[in-house]
Amino acid sequence: MRIDVVTIFPDYLAPLSLSLIGKAREQGLLDLAVHDLRGFTRDRHRSVDDTPYGGGAGMVMRPEPWGAALDHVRSLAGPGTGGAPHLLVPSPSGVRFSQAMARELAAQPWLAFACGRYEGIDERVLQDGAEAGPVTPVSLGDYVLGGGEAAVLVIVEAVARLLPGVIGNAQSLVEESHEDGLLEYPVYTKPAVWRGREVPPVLLSGHHGQIERWRRDQRLRRTAARRPDLLAQIEPASLDDADRAALAGDPTSGPDDAT
Ligand code: JDE
């Protein structure tokens, strides 16, 4: 996969050279380039923003540098990139990012990110970009960041770890939160007693059936307590009697508190 990022703060993307993503780049599984939007300005002050038409607070990013930067990115098409990149624009007004979207993006050959600052990017940049390829404004959640850069770090990490070869054990990608609509069960490691707190005895019992049941109960109770919105999406027919019993208890009580 190829990824291009356009930003006025290229150094903000430095973490994309570290850890899992850095390794994927070294191994040639991910080809990632960061571009400085100011390199596409033509005035002596290298200005990227101006006052909003119609009035209002703050500044808006000017369309000309964005047009030149995105034309340049599209000129970088190579073998295996396809025609044009899918352009993603982090914004509080975007469609909500999810594990499902991460899976869709991981299947595409070429992504580009436009990092907005100030009050956002002149809307015509997105309209113009849509003539070349798909454009998707994307939101991480209902809060406002100072710019799109932090959102790009999150989205690239969620996507890159799904690329073939980036994570060795494919099963670890299946057995995780948000792949089947329930939160994960709590995990424990040695020592068996720590600061007077015991690991739930069933996990030391060697009874694999009981362990599996306990873990599923924990997932159901946790999801009910922390993410009732997710539980509401579960097909009732997919729950058996034991599932319903696990959910019938007070989700916020007891020593095995799901929270
Ligand atoms: C991404 N959830 C939130 C913010 C912005 C007022 C203030 C700021 C493309 O234009 C942008 C980008 C961003 C940064 O992204 C986020 C975000 N997921 O904040 C603004 C708009 N209005 C504009």
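What counts and how
- Residues numbered from 1 in each chain as written.
- Predicted model: local features only at pLDDT ≥ 70, side-chain atom pairs only at ≥ 80, totals over all residues.
- Heavy atoms only, no water.
- Salt bridge = Lys/Arg side-chain N within 4 Å of Asp/Glu carboxyl O.
- Helix = DSSP H or I, 4+ residues; strand = E, 2+ residues; numbered from the N terminus.
- 1 Å grid on protein atoms, 1.4 Å probe; cavity = no way out; pocket = protein on both sides within 12 Å on 5 of 7 lines; lining within 4 Å.
- Points joined across faces, edges and corners; volume = space filled by probe spheres on them.
- Nonpolar A, V, L, I, M, F, W, Y, C, P; charged D, E, K, R; others polar.
- Contact = heavy atoms within 4.5 Å.
- Buried < 20%, exposed > 50% of the residue type's maximum accessible area, 1.4 Å probe, protein only.
- Near = heavy atom within 4 Å.
- Polar contact = N/O pair within 3.5 Å; in protein donor to acceptor, adjacent residues only side chain to side chain.
- Areas by Shrake-Rupley, 256 points an atom, 1.4 Å probe, with all protein chains shown as cover.

**Q** Hey, could you go over the pattern of salt bridges for me, with residue numbers and the actual values?
**A** Scanning all chains against the criterion turns up 14 salt bridges. Measuring nitrogen to oxygen at the nearest pair gives 3.0 Å for the salt bridge that ties aspartate 71 to arginine 74. Within this pair, aspartate 71 and its partner arginine 74 are both found in helix H2 (residues 63-74), separated by three residues, close to a single helical turn. When the shortest N-O distance is used, the salt bridge between aspartate 240 and arginine 213 registers 3.8 Å. Of this pair, aspartate 240 sits in the loop between helix H8 (228-231) and helix H9 (241-248) while arginine 213 sits in helix H7 (residues 208-226), and the two are 27 residues apart along the sequence. One network of salt bridges, in which partners are shared, links Arg213, Arg216, Asp217, Asp240 and Asp243.

**Q** Describe empty space enclosed by the protein, naming the residues involved and giving the relevant values.
**A** One pass over the full model with this rule turns up one cavity of 30 Å³ or more. Approximately 70 Å³ is the volume found for the largest cavity. For the largest cavity, the full set of lining residues is Leu70, Val73, Arg74, Ala84, Pro85, Leu87, Ala112, Gly129, Ala132, Gly133 and Pro134. Examining the composition of the lining of the largest cavity, we find that three residues originate from one element, H2, more than from any other.

**Q** Tell me about the layout of surface pockets, and name the residues and values.
**A** To find leftover empty space, one rolls a probe the size of a water molecule over the atoms. Computed from the structure, the largest pocket encloses a volume of approximately 490 Å³. Around the largest pocket, the lining comprises 25 residues; the ones closest to its centre are Pro90, Ser91, Pro92, Glu119 and Gly120. Going through the elements one at a time, strand S5 (86-96), helix H4 (123-129) and strand S7 (135-139) are the ones with two or more residues in the lining of the largest pocket. Here the lining of the largest pocket gets five residues from one element, more than from any other, and that element is S5. For the lining of the largest pocket, the per-class residue count stands at 13 nonpolar, nine polar and three charged. Within this model, the second largest pocket holds a volume of roughly 410 Å³. By residue class, the composition of the lining of the second largest pocket is five nonpolar, five polar and four charged.

**Q** An account of the environment of glycine 146 is requested, with residue identities and associated values reported.
**A** Locating glycine 146 in the fold gives a position in the loop between S7 and helix H5 (149-160). Sequence spacing of glycine 146 and arginine 117 is 29 residues, and the spatial spacing of their C-alpha atoms is 6.5 Å. Glycine 146 has contacts with Arg117 and Tyr118, leaving out every residue within four places of it along the chain.

**Q** Mind laying out unusual backbone geometry, listing which residues take part and the relevant values?
**A** Cis geometry is adopted by the peptide bond preceding proline 191, which originates at lysine 190 and carries an omega value of 5°. Mapped onto the elements of the fold, proline 191 is located in the loop between helix H6 (171-174) and strand S8 (193-194). Phi at arginine 46 is positive, roughly 55°, even though this residue is not glycine. Among the secondary structure elements, arginine 46 is positioned in the loop between strand S2 (31-36) and strand S3 (49-50). On the accessibility criterion, arginine 46 (40% relative accessible area) is partly exposed.

**Q** Explain the site of the ligand residue by residue, including any values.
**A** Close to the ligand lie 16 residues, the nearest being Pro90, Glu119, Leu140, Tyr143 and Leu145. Contact between the ligand and leucine 140: a nitrogen atom at 2.7 Å from a main-chain N or O atom of the residue. Measuring from an oxygen atom of the ligand, one finds a backbone N or O atom of leucine 145 at 2.8 Å. Calculation on the ligand without its partners gives an accessible area of 510 Å², and the protein chains cover 87% of this total. A per-element tally of the shell around the ligand places S5 first, with four residues. Broken down by class, the residue content of the shell around the ligand amounts to eight nonpolar, seven polar and one charged.

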